[in-house]
Amino acid sequence: MIIDDITKNLGDKADFYLKHQCKTIAKERLHLPGPDFVDRIFAPSNRNNRVLNNLNWMHNTGRLAGTGYLSILPVDQGIEHSGGASFAKNPDYFDSENIVKLALEGGCNAVASTFGVLASVSRKYASKIPFLVKINHNQILTFPNQFDQVMYGTVKDAYEMGAAAVGATIYFGSEESNRQITEVANAFALAHEYGMATVLWCYLRNNAFKKDKDYHVSADLTGQANHLGTTIQADIIKQKLPENNGGYTALQMGDSSYGKIDKRVYTELTSDHPIDLTRYQVANCYMGRAGLINSGGASGAHDFQEAVMTAVINKRAGGTGLISGRKAFQRPMAEGIKLLNTVQDVYLCKEVTVA
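Calculation rules
- Per chain, the residues get numbers from 1 upward, laid out in the order the sequence is written.
- Local features in this predicted model are restricted to residues whose pLDDT is 70 or higher, and side-chain atom pairs enter the listing and the counts only when it is 80 or higher, whereas totals over whole chains, interfaces and linings include all residues.
- Side-chain measures were taken over the full set of non-hydrogen atoms in the model, leaving aside hydrogen atoms and water.
- Axes here refer to lines fitted to C-alpha atoms; in helices the fit is confined to the stretch in contact. Angles between the N-to-C directions go from 0 to 180 degrees.
- Secondary structure follows DSSP: runs of H or I at least 4 residues long count as helices, runs of E at least 2 residues long count as strands, and numbering of each begins at the N terminus.
- In these notes the angle categories are as follows: under 35 degrees is roughly parallel, over 145 is roughly antiparallel, 65 to 115 is roughly perpendicular, and the rest is oblique.
- By the definition used in this description, the sense in which the near helix is turned from the far one sets the handedness, with an anticlockwise turn below a right angle giving left-handed and a clockwise turn giving right-handed.
- Note on contacts: a residue pair qualifies if any of its non-hydrogen atoms lie within 4.5 Å across the two residues.
- Note on residue categories: nonpolar means Ala, Val, Leu, Ile, Met, Phe, Trp, Tyr, Cys or Pro, charged means Asp, Glu, Lys or Arg, and polar means any other residue, Gly included.
- One speaks of a salt bridge when a side-chain nitrogen belonging to Lys or Arg is within 4 Å of a carboxyl oxygen belonging to Asp or Glu.
- Summary of the burial criterion: residues with accessible area below 20% of their type's maximum are buried, those above 50% are exposed, and those between are partly exposed, where the area comes from a 1.4 Å probe applied to protein chains only.
- Only strands that DSSP links by at least two bridges are regarded as paired with each other.
- Think of it this way: a Phe, Tyr or Trp ring, Trp meaning its six-membered ring, pairs with another when their centres are within 6.5 Å, and the plane angle makes it stacked under 30 degrees, edge-to-face over 60, tilted otherwise.
- Note on geometry: a ring has a charge over it if NZ (lysine) or CZ (arginine) is within 6 Å of the ring centre and within 35 degrees of the ring normal.
- Take the buried residues of types Ala, Val, Leu, Ile, Met, Phe, Trp, Tyr and Cys, join any two whose side-chain atoms come within 4.5 Å, and each joined set is a nonpolar core.
- For the purposes of these results, a polar contact is taken to be a pair of N or O atoms within 3.5 Å, where, inside protein, one atom must be able to donate a hydrogen and its partner to accept one; residues adjacent in sequence count only when each atom of the pair is a side-chain atom.
- When the strands point away from the viewer and the path from the first strand over the helix to the second turns clockwise, the crossover is right-handed.

This part takes up the packing of helix α6 (residues 96-105) against helix α17 (residues 333-348). One can describe the packing of α6 onto α17 by two numbers: an axis separation of 9 Å at closest approach and a directional angle of 45 degrees. As judged from the angle between their axes, α6 and α17 are oblique. Viewed along their axes, α6 and α17 form a crossing whose handedness is right-handed. Together, Asn98, Lys101, Leu102 and Glu105 of α6 and Met333, Gly336, Ile337 and Leu340 of α17 make up the contact between the two elements. Looking at the contact of α6 with α17, its residues break down into four nonpolar, two polar and two charged.

Below is the structure:
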């Protein structure tokens, strides 16, 4: 019955997403999610036993426990999008406890939020669901708006509240990116010492990336951001779903000699299909050794259909799951739980296979 609901949500695009076969990078070359993912991928690495324990905890919590897939609720938008813009649709989520309750009752593997949100309820909930503490943010109260990720607390703070993992954002391509890379790399190294897993939001930010298309979501540029994120030892990579390709070539037009690229990225390693574009993102995560979770995007009129589509693309590309926030918390809790469960059903459905 689950596959029928998935097909219904995909509508006339069902065959386009569910029957596509990837002819670019074969699935046999990937390290795919599975019940043994932590033992198979992370146990041979330099991660210590405490990191392995927390990764196992995340992989064995919620409705997706034991599958190798992850469903994470992220609610840090109160800083980056303002509390009013984020919670006006449902003021209940100004109360930090309701954020954690939604993740728990929605069957998530973890809840990702700010130092303030998670610390305010840590003694009650840190032992019940893995906490993923977001350690840096971009605040947009400065006038005019500035776009820079700055630290809001320490790795030790996250450890002492009982967090299983820390998360951070790097704006790759921005003027501040070198400082952010250094800060986050050092923070992730310390987090691993403390035994916490690491999750990196690998976002692009540069006005020059907007030309004939918005190349902030191009497969080639986001793929390289993923590759850099995996280089600083992020255990999980969070990335926006790719919507186009050719960012490098667009930026190299005219007198520009931006970056380096091989044309085979466009002719052999990708196609125009969303699953193939996302497969290239997975490939840049060391062929899936770092799990790729895609973001659910903003809330709108077709949230359930869009969430199912994103989950199907991520799973069939070889990804590890979905991190969906606004689509879930900007509605009554019962509906938010239903949306999270609908996403999770895609990963539980055996008929939705890796392309």
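Back to the write-up after that little detour.
Evaluation of the coordinates by the stated rule reveals 14 salt bridges. The salt bridge partner of Lys19 is Asp15, with a shortest N-O separation of 3.7 Å. Since its relative accessible area comes to 59%, Lys19 is described here as exposed. Exposure remark for Asp15: the relative accessible area of 49% places this residue in the partly exposed category. A single network of salt bridges, built from pairs that share partners, joins Asp76, Glu80 and Lys134.

For the rest of this paragraph, the subject is the side chain of Gln281. Considering the arrangement of structural elements, one finds Gln281 in helix α14 (residues 274-283). What makes Gln281 buried here is its relative accessible area of 0%.

Bringing the sheet that holds strand β7 (residues 197-204) into the picture now. Read around the barrel, eight strands follow the order β1-β2-β3-β6-β7-β8-β9-β10 and close on themselves; strand pairing throughout is parallel. Pairs of neighbouring strands in the sheet enclose a mean axial angle of 25 degrees, with direction left out of account. Strand direction decides the pairing type here: strand β9 (residues 291-295) and strand β10 (residues 321-323), joined by three bridges, are parallel. Paired with Asn294 across the two strands is Leu322, which belongs to β10. Running at roughly 165 degrees to strand β6 (residues 165-172), helix α10 (residues 177-194) makes contact with β6 and β7 of the sheet.

Let's shift gears to the packing of helix α1 (residues 2-10) against helix α15 (residues 303-317). The axes of two packed helices give the description: the angle between them and the distance between them. Where α1 contacts α15, the two axes come as close as 8 Å, and the packing angle between them is 110 degrees. Here α15 runs roughly perpendicular to α1, going by the angle between their axes. The way α1 lies across α15 gives a crossing that is left-handed. Within the contact between the two elements, α1 uses Ile6, Asn9 and Leu10 and α15 uses Phe304, Gln305, Val308, Met309 and Val312. Tallied by class, the residues present in the contact of α1 with α15 amount to six nonpolar, two polar and no charged.

Turning our attention to the packing of aromatic side chains. Enumeration according to the criterion identifies nine aromatic pairs in this entry. In textbook terms, an aromatic cluster arises when at least three aromatic residues are bridged by ring pairs, as seen for Phe87, Tyr93, Phe94 and Phe329. Directly above the aromatic system of Phe16 lies the positively charged group of Lys13, at a separation of 4.5 Å from the ring centroid. Directly above the aromatic system of Trp201 lies the positively charged group of Lys134, at a separation of 5.1 Å from the ring centroid.

Looking now at the nonpolar core. Grouped together as the largest cluster of nonpolar side chains are 82 residues, with contacts concentrated most on Phe131 and Leu200. Membership of the second largest hydrophobic core comes to 22 residues, among which are Met58, Leu70, Val199 and Ile323.

Peptide bonds are, in most cases, trans, and in most cases residues other than glycine have a negative phi. Here Phe143 and Pro144 are connected by a cis peptide whose omega angle stands at -5 degrees. Assignment of secondary structure puts Pro144 in the loop between β4 (136-137) and β5 (150-151). Of note in the backbone geometry, Gln233 takes a positive phi value of approximately 70 degrees without being a glycine. Checked against the element boundaries, Gln233 lands in the loop between α11 (219-231) and β8 (236-239). Even without being glycine, Met287 reaches a positive phi, approximately 60 degrees. Here Met287 is to be found in the loop between α14 and β9. The class of Met287 is partly exposed, set by a relative accessible area of 24%.

Within the secondary structure, His216 sits in the loop between β7 and α11. A polar contact of 2.7 Å, which involves the side chain of His216, links it to the side chain of Asp214.

The element β9 is extensively covered by neighbouring structure, given that five of its five residues are classed as buried. Covered by surrounding structure in β9 are Gly291, Ile293 and Ser295 together with Leu292 and Asn294, the residues of both alternating faces. In the sheet, β8 pairs with β9 via four bridges, with the strands oriented parallel. Residue pairing in the sheet places Ile237 in a bridge with Leu292 of β9. Handedness of the crossover is the feature at issue here: the chain leaves β9, passes through α15, returns alongside β10, and the resulting connection is right-handed.

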